[in-house]
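Each chain is listed here by its residues.
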Amino acid sequence: MAAGLVASLGLTACGGGDDDESGTDGAAATPQSSAGGSSSESVVLGTTDTVTSTDPAGAYDLGSWTLIYNMYQNLMKIQPGSATPVPDAAESCDFTNPTTYTCTLKSGLKFSNGSDLTSEDVKASFDRMVAIEDDSGPSSLFANLKSTAAPDPTTVTMTLNNPDATWPFVLTTGAGAIVDSEVYPADSLLPSEQAVGSGPYKLASFQSGQQAVFEPNESYTGDVELKNNGFIVQYYTEASALKLAIEEGDVDVAYRSLAPTDIEDLRGESGQGVQVVEGNGTEIRYLTFQTDQAPSNNKAVRQAIAQLIDRQAIAEQAYDGTVTPLYSMIPQGLDYHTEAFQEKYGEPDVEKAKALLGGVSTPVDVTLWYTPTHYGPNAADEITEIQRQLEESGLFKVTIENTEWQQYQTDYKAGTYPLYQLGWFPDFPDPDNYSAPFLDGKGGYFNNGYENPRLTELIAQEQGSTDDAEREAAFAEIQEITAEDVPVLPVWQGKQIAAVRDGVTGVQDTFDPSFTFRFWLVSKQG
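I'm lost on the overall build of the protein in this one. Help?
A count of helices and strands for the protein gives 13 helices and 20 strands. Computed over its C-alpha atoms, the radius of gyration of the protein comes to 23 Å, within 12% of the 24 Å expected for a compact globule of 526 residues. Over its C-alpha atoms, taken along the principal directions, the protein stretches across nearly 70 × 60 × 40 Å. The 526 residues of the protein split such that 60% are buried. Contacts in the protein between residues at least 24 apart in sequence constitute 72% of all its contacts with a sequence separation of at least 6. Entry remark: accessible area of the protein is about 18600 Å², with carbon and sulfur atoms responsible for 44%. Of the side-chain charges in the protein, 28 are positive and 77 negative, and the distance between the mean point of each set is 3 Å.

Before we go on, may I ask you to explain the layout of surface pockets in this structure?
Which parts of space are left empty comes out when a probe the size of a water molecule is rolled across the atoms. Taken as a whole, the largest pocket spans an internal volume of roughly 1000 Å³. What lines the largest pocket is a set of 35 residues, and nearest its centre among them are Ser-140, Leu-141, Ala-143, Ala-436 and Asp-440. Mapped by element, the contributors of at least two residues to the lining of the largest pocket are helix H3 (167-170), helix H11 (405-413) and helix H12 (453-463). It is H12 that provides the largest number of residues to the lining of the largest pocket, a total of 4 residues. A per-class count over the lining of the largest pocket returns 15 nonpolar, 12 polar and 8 charged.

I keep staring at the packing of helix H7 (residues 311-319) against helix H10 (residues 379-392) and nothing clicks. Help me out?
Helix-helix packing is characterised by the crossing angle of the two axes and by the distance between the axes. Packing of H7 against H10 brings their axes to within 9 Å, and their N-to-C directions diverge by 135°. Considering the angle they form, H7 stands oblique to H10. Seen from above, H7 lies across H10 with right-handed handedness. Between H7 and H10, the contacting residues are Ala-313, Ile-314, Gln-317, Ala-318 and Tyr-319 on the first element and Ala-379, Asp-381, Glu-382, Glu-385, Ile-386 and Gln-389 on the second. The class makeup of the residues in the contact of H7 with H10 is 6 nonpolar, 2 polar and 3 charged.

What's the story with the environment of Leu-368 in this structure? I'm lost.
Relative to the assigned elements, Leu-368 resides in strand E15 (residues 364-370). Classification of Leu-368 as buried rests on a relative accessible area of 1%. Measuring from C-alpha to C-alpha, the distance between Leu-368 and Gln-312 comes to 20 Å, with 56 residues separating the pair along the chain. If sequence neighbours within four positions are ignored, Leu-368 has contacts with Leu-287, Ile-383, Ile-386, Val-398, Thr-399, Ile-400, Glu-401, Leu-419 and Tyr-420.

Help me understand H12, please; the structure alone is not making it clear to me.
Because an α-helix packs 3.6 residues into every turn, residues spaced three or four apart end up facing the same way. Taken together, the buried positions of H12 are occupied by Leu-455, Leu-458, Ile-459, Glu-462 and Gln-463. Seen end-on, H12 carries its buried residues on one side only, within an arc spanning 130°. Among the structural elements, helix H13 (468-485) are those in contact with the buried residues of H12. The backbone nitrogen of Arg-454 has a side-chain oxygen 3.0 Å away, supplied by the residue at the start of H12, namely Asn-452.

Whenever I open this one, the pairing of strand E5 (residues 90-97) confuses me. Can you help?
Along any regular strand, the residues point their side chains to alternate faces of the sheet. As paired strands, E5 and strand E6 (residues 100-105) are joined by 6 bridges and run antiparallel to one another. The residue of E6 that forms the bridge with Asn-97 is Thr-100.

Looking at this model, I keep getting lost on the nonpolar core. Mind explaining?
Of all hydrophobic cores here, the largest spans 142 residues; its most connected members are Leu-75 and Phe-396. Apart from residues lying up to four places away in sequence, Phe-396 is in contact with Val-301, Ala-304, Ile-305, Leu-308, Leu-357, Pro-363, Val-364, Val-366, Leu-390 and Glu-391.

Looking at this structure, I do not really get H13. What am I missing?
If you check H13, its first and last C-alpha atoms are 26 Å apart, about what 18 residues at 1.5 Å a residue would give, namely 26 Å. Within H13 the residues assigned to the buried category are Arg-471, Ala-474, Phe-475, Ile-478, Gln-479, Ile-481, Thr-482, Ala-483 and Asp-485. Among the structural elements, helix H6 (299-308), helix H8 (340-345), H12 and strand E18 (488-501) are those in contact with the buried residues of H13. You can read the cap of H13 off the contacts: a side-chain oxygen lies 3.2 Å from the backbone nitrogen of Ala-469, and it is on Asp-467.

Parameters at a glance
Residues numbered from 1 in each chain as written. Predicted model: local features only at pLDDT ≥ 70, side-chain atom pairs only at ≥ 80, totals over all residues. Heavy atoms only, no water. Helix = DSSP H or I, 4+ residues; strand = E, 2+ residues; numbered from the N terminus. Rg over C-alpha atoms; globule rule 2.2 N^0.38 Å. Buried < 20%, exposed > 50% of the residue type's maximum accessible area, 1.4 Å probe, protein only. Contact = heavy atoms within 4.5 Å. Areas by Shrake-Rupley, 256 points an atom, 1.4 Å probe, with all protein chains shown as cover. Lys, Arg positive; Asp, Glu negative; His and termini not counted. Charge placed at Lys NZ, Arg CZ, Asp CG, Glu CD. 1 Å grid on protein atoms, 1.4 Å probe; cavity = no way out; pocket = protein on both sides within 12 Å on 5 of 7 lines; lining within 4 Å. Points joined across faces, edges and corners; volume = space filled by probe spheres on them. Nonpolar A, V, L, I, M, F, W, Y, C, P; charged D, E, K, R; others polar. Axes fitted to C-alpha atoms, helices over the stretch in contact; angles between N-to-C directions. Parallel < 35°, antiparallel > 145°, perpendicular 65-115°, else oblique. Left-handed = near helix turned anticlockwise from the far one by under 90°. Arc of directions from axis to C-beta. Polar contact = N/O pair within 3.5 Å; in protein donor to acceptor, adjacent residues only side chain to side chain. Pairing = 2+ DSSP bridges. Core = buried A, V, L, I, M, F, W, Y, C linked by side-chain atoms within 4.5 Å. Expected span 1.5 Å × (residues − 1).

Okay, structure coming up:
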């Protein structure tokens, strides 16, 4: 996630709230509608996103986290339109020293099944996240967590391996969701349909690939006010089916991932009761090289591909100009962003790429992988455009392969693919979240085999500092090294876009750099 918004070490992260959410810390509050909303109406959202798991230990994807954010509480959260962590289930949190973070829970917290939420549940949630270490889960976000203690029912103490100013942000992510220790196994995942949280909604039913139905959680004691009386997520496998659903009023909101051509069509359908709404986006798309597998183990090959990629053509040919070329893993709009790849490679140039390859005359064989079931209908168009660009140079022969999302995740983390497409939605709004997960110098979360001790040093430096100049210097060098070694290749940055039916409001309010879709902000006039 975005911006240089790091909470100061030693500063208490507490209080907060804005006009979108109200209530008092620790005070019991029954979910209710607010002005402009309709308490009698449920909202139906259609999406082509997929859900890996509703168990926080088993999911590290936007489709799953969208559900998790709405039915669990965390110790900390990001308010709509903000980028600073504030307490959620916690009354207050504070660094008592650079490697010890202590939170005090609010009183009266309960799960949707009526069980009390105590510090033991927080400890159990974090312990099982680390112990399960699910291949599809977010345990890597807790890599810096040495231990969690619950000295009394309302106190949680987290001991870190190293100073980490971004730790409060980590606690706002799906990885920090608090589960009921009496329901969730300590060493395995809970089936998705059995999810129990303490957030504003409870999961009434879940059918994988079809529908998730949420009802207001009567046991919720937080400060969120619901602007609807329930929320239904309807899943579609094809963007064309999602477009038809919003046109015919089968869904109230169509959110991810309409095709660019569909979006343009819908912009002209205001007379038919459909509006297109947009907001800032920090989604990025990039290619990953498996650096211990040929030909990606050859730095010259990686640099030559970086020299040939025409991002503007990809944006125009594959996405009708709805995305923006990206020249760093840190997207535009965040602190410390540079145009590192643009500065190093300039415009696409076949002769420069040939020189990087030592003047070879035989095309290099490359197999490029993508998944057609996770990144929207234009992922295939993007990959095809990249294939065209590389083969047109005469320097590469590209074979395209694909598989469905679940298998894709398993395979790329096992190092099966030499070159593959991935996307990133922010976990939290700080440039660290666009650096540490990929560029920790130890292979990143995708295990791409790229090791660089200097990057490990720089990541530790920026995470352990609140000094703006020190962080800026660290991020500048991180981006420079990335452009030089090309373990990953940034391609584009996208907006958040949805289509809504007349009478639906609030979607724009949840479009911010956190990329959290907050069901409770959306209302529908009956």
